[in-house]
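Each chain, letter by letter, is given below.
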Amino acid sequence: MNTNVDINHELNRLTGFALAHELVDEADYFWAANSLIGTLELHSFQPEEPGAEEREGLKGMTSPEPILERILDWAAGQGLIEDTAADRDLLDTKLMGLFTPRPSEVSARFQELEAGSPQKATDWFYSLGIASNYIRSARTARNICWKTATEFGELDITINLSKPEKDPRDIARARTAPSSGYPKCLLCRENEGYFGHAGHPARQNLRLIPLALRGRTWYLQYSPYSYYNEHCIVLGQDHVPMRISRETFENLLGFIDRFPHYFLGSNADLPIVGGSILSHDHYQGGRYVFAMERAPVEKEYALAPGVRAGRVKWPMSALRLKSPDAETLINSACRVLEAWRGWTDSSVDVLAESGGEPHNTVTPIARRRGADYELDLVLRNNRTSEEHPLGIFHPHAEVHHIKKENIGLIEVMGLAVLPPRLKGALEAMAQAWTRGEDSLSAHPELEAHDLWYRALRQRHGGIAPEAVPEMLRREVGQVFAQVLSDSGVYKRTPEGLAAFDRFVMSLK
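The paragraphs below set out a description of the structure included in this document. All figures in this text were calculated on a predicted structure; none of them were measured in a lab.

Scoring rules and cut-offs
Residues numbered from 1 in each chain as written. Predicted model: local features only at pLDDT ≥ 70, side-chain atom pairs only at ≥ 80, totals over all residues. Heavy atoms only, no water. Helix = DSSP H or I, 4+ residues; strand = E, 2+ residues; numbered from the N terminus. Rg over C-alpha atoms; globule rule 2.2 N^0.38 Å. Contact = heavy atoms within 4.5 Å. Areas by Shrake-Rupley, 256 points an atom, 1.4 Å probe, with all protein chains shown as cover. Lys, Arg positive; Asp, Glu negative; His and termini not counted. Charge placed at Lys NZ, Arg CZ, Asp CG, Glu CD. Pairing = 2+ DSSP bridges. Axes fitted to C-alpha atoms, helices over the stretch in contact; angles between N-to-C directions. Core = buried A, V, L, I, M, F, W, Y, C linked by side-chain atoms within 4.5 Å. Buried < 20%, exposed > 50% of the residue type's maximum accessible area, 1.4 Å probe, protein only. Phe/Tyr/Trp six-rings, centres within 6.5 Å; stacked < 30°, edge-to-face > 60°. Lys NZ or Arg CZ within 6 Å of the ring centre and 35° of its normal. Parallel < 35°, antiparallel > 145°, perpendicular 65-115°, else oblique. Left-handed = near helix turned anticlockwise from the far one by under 90°. Nonpolar A, V, L, I, M, F, W, Y, C, P; charged D, E, K, R; others polar. 1 Å grid on protein atoms, 1.4 Å probe; cavity = no way out; pocket = protein on both sides within 12 Å on 5 of 7 lines; lining within 4 Å. Points joined across faces, edges and corners; volume = space filled by probe spheres on them.

## A closer look at the overall build of the protein chain
1) Next: Along its length, the protein chain carries 17 helices and 15 strands.
2) Next: The C-alpha radius of gyration computed for the protein chain amounts to 25 Å, which stays within 12% of the reference 23 Å derived for 508 residues, consistent with globular compactness.
3) Next: Each of the three principal axes of the protein chain carries a C-alpha extent, and together these read 75 × 65 × 45 Å.
4) Next: Taking the intrachain contacts of the protein chain between residues at least 6 apart in sequence as the baseline, contacts between residues at least 24 apart amount to 64%.
5) Next: Looking at the protein chain as shown, the accessible area adds up to about 22200 Å², and 51% of this sits on carbon and sulfur atoms.
6) Next: Taking the average location of the 56 positive side-chain charges in the protein chain and that of its 69 negative ones, the two points are 4 Å from each other.

## As for the sheet that holds strand E15 (residues 415-418)
1) Next: Strand order across the open sheet formed by 3 strands is E1-E2-E15, with mixed pairing between neighbours. Two strands close off the open sheet at either side, each with one partner strand: strand E1 (144-150) and E15. The mean angle between the axes of side-by-side strands here comes to 20°, regardless of whether they run parallel or antiparallel.
2) Next: With 4 bridges joining them, strand E2 (residues 153-159) and E15 adopt parallel strand pairing.

## A few points about the nonpolar core
1) Next: Ranked by internal contacts, the top residues of the largest apolar core, which has 95 residues, are Phe255, Leu321 and Tyr490.
2) Next: Sorting elements by how many residues they give to this core places helix H12 (residues 326-341) first, with 8 residues.
3) Next: Beyond its immediate chain neighbours, meaning those up to four positions away, tyrosine 490 contacts Ser317, Trp340, Trp343, Val348, Leu379, Gly496, Ala499, Phe500 and Phe503.
4) Next: Counting 51 residues, the second-largest nonpolar core is a separate cluster that includes Ala318, Leu426, Met429 and Leu484.

## A word on the packing of aromatic side chains
1) Next: Inspection of the entire model under this criterion finds 23 aromatic pairs.
2) Next: With a centroid separation of 5.0 Å and an interplanar angle of 70°, the aromatic rings of tyrosine 126 and tyrosine 222 are classed as edge-to-face. With tyrosine 126 in helix H7 (residues 118-131) and tyrosine 222 in strand E4 (residues 216-222), this residue pair connects regions lying 96 residues apart in the sequence.
3) Next: When its relative accessible area of 15% is taken as the criterion, tyrosine 126 is described as buried.
4) Next: Aromatic side chains phenylalanine 152 and tryptophan 314 sit 6.4 Å apart centroid to centroid with 70° between the ring planes, which places their arrangement in the edge-to-face category. Placement of phenylalanine 152 in the loop between E1 and E2 and of tryptophan 314 in the loop between strand E9 (307-312) and strand E10 (318-323) is noted, with a sequence separation of 162 residues between them. No difference in accessibility class separates phenylalanine 152 from tryptophan 314, as the two residues are buried.
5) Next: Above the face of the phenylalanine 500 ring, arginine 311 is positioned so that its terminal group lies 5.9 Å from the ring centre.

## A word on the packing of helix H14 (residues 421-434) against helix H15 (residues 450-459)
1) Next: Taken N-terminus to C-terminus, the directions of H14 and H15 make an angle of 45°; their axes are 12 Å apart at the nearest point. One element, H14, and the other, H15, form an angle in the oblique class. The element H14 and its partner H15 pack so that their crossing is right-handed. Between H14, through Leu426, Met429, Ala432 and Trp433, and H15, the contact on the second element is made entirely by Trp452, Tyr453, Leu456 and Arg457.
2) Next: Grouping the constituent residues of the contact of H14 with H15 by class yields 7 nonpolar, no polar and 1 charged.

## Some thoughts on the sheet that holds E9
1) Next: One open sheet accounts for 10 strands, arranged E3-E4-E5-E7-E6-E13-E14-E10-E9-E8; its pairing is antiparallel. Across the chains shown, the open sheet's two edge strands, defined by having one partner strand only, are strand E3 (209-213) and strand E8 (297-304). On average, adjacent strands in this sheet sit at an angle of 25° to one another, irrespective of strand direction.
2) Next: Examined bridge by bridge, strand E5 (residues 232-236) and strand E7 (residues 282-286) share 4 bridges and lie antiparallel to one another. Note on E7: the bridge partner recorded for isoleucine 233 is glutamine 284.
3) Next: Against the sheet, H7 contacts E3 and E4, and its axis sits at roughly 55° relative to E4.

## Thoughts on the layout of surface pockets
With a probe scaled to a water molecule rolled over the atoms, the places where space remains empty come into view.
1) Next: One number sums up the size of the second largest pocket: a volume of about 500 Å³.
2) Next: Along its surface, the second largest pocket is lined by 22 residues, and His21, Glu22, Leu23, Pro101 and Leu128 are the ones closest to its centre.
3) Next: If you list the elements that add at least two residues to the lining of the second largest pocket, you get helix H5 (85-99), helix H6 (103-116) and H7.
4) Next: Broken down by element, the residue count for the lining of the second largest pocket peaks at 5 residues, all from H7.
5) Next: A breakdown of the residues in the lining of the second largest pocket according to their chemical character gives 12 nonpolar, 5 polar and 5 charged.

Spelled out as structure tokens, the structure:
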């Protein structure tokens, strides 16, 4: 923490950043400055005229985080906040909320731009999210990202370093904080402008764009911790659970009709195979081409007139539907969903239900492909067994050292979101390798990786020391490919692909 901060200068810089990025107008200058000093319990402000070089520097900054960090250091030194991640986030969000235009202004500007170009509207809205620091771009830039070539194309690998680790003081305060139940969850529209507390992030700089999809109101926002370009969330107005249905397909295609430069998908609606939030209906999309989108169709099926259908060459079981007519495509998707919900094939461990609990669902992803609508339906099943208590079609125990969490929409499409512990583990393994250690027995904290490490030593024994870190990254990518294969309902064996065909043939 830097306590040697000229707070008046930093407030001038923050106000200058807001002006440079059109968060506020010149006419708002003193209003903005006075809002800042009031929030920070100061009593005066001295304007500074920035030079041309400083103006250009502020304009060239994509994120206000460097300025905010110095202001937060000052605030902690003054005792205004505790120097914890939660307190710092609460204050910097409050400060940036002072600069963020009102929701009605943002919505009006978005609609004005969309009338001319949907892409210009999302470009502007995304830039606003970064400038207002709602999208924590400076943090996501810390993620370690690479691509790994596999038989299914180049998979994206990310070690997620963007979210700050919880401070024990924040955990203790969150435990004792009164629970109001408002907002009900992180995806409720009531989060817009919410002040936050130790147990719930502040959202004064969050802005939502109302969208009408099939006669109902939904809201567009961006993820504060983007895992890919323009990572957006479309959330329902009501706090109702996830449910894959005809309405899901209608909404996905309705959205890409309106924003054809984006894809939109949904997590599955059952535990184990769903995302981290099943309690609030929502979708995720953005402007990024995943490996799954690039994956070819390896076998075509005659499913319905006007619809091209095929099995995607992908480690998870994906049926790709394509048609120039949205309604025709939706009807076919509903047919697949209805059939799959009731499908049982015990020869490959697929049971539609047990004990009255349903097991089958889909993860759908929609995109435009020229004049066509394209819909990938990834078949999912959430059964468990004694051998696989976390899920039969879930990462198996031998890959848990890399990925143990649920395989949601983002992973399904080919992007691994891996825990921060892997950064240190990979560095430590590289060091052990260069010392000539054939096992990790001397490193109890790396015990989970020992079998994998031993196998790699046998496979790459003669590798040059300087090539070890890159080799470990490649091998992590191969483990992720296995994670996806574990999660696939139909394995890519002759028996598994024949079982896939049996299901599709049943749709005729």
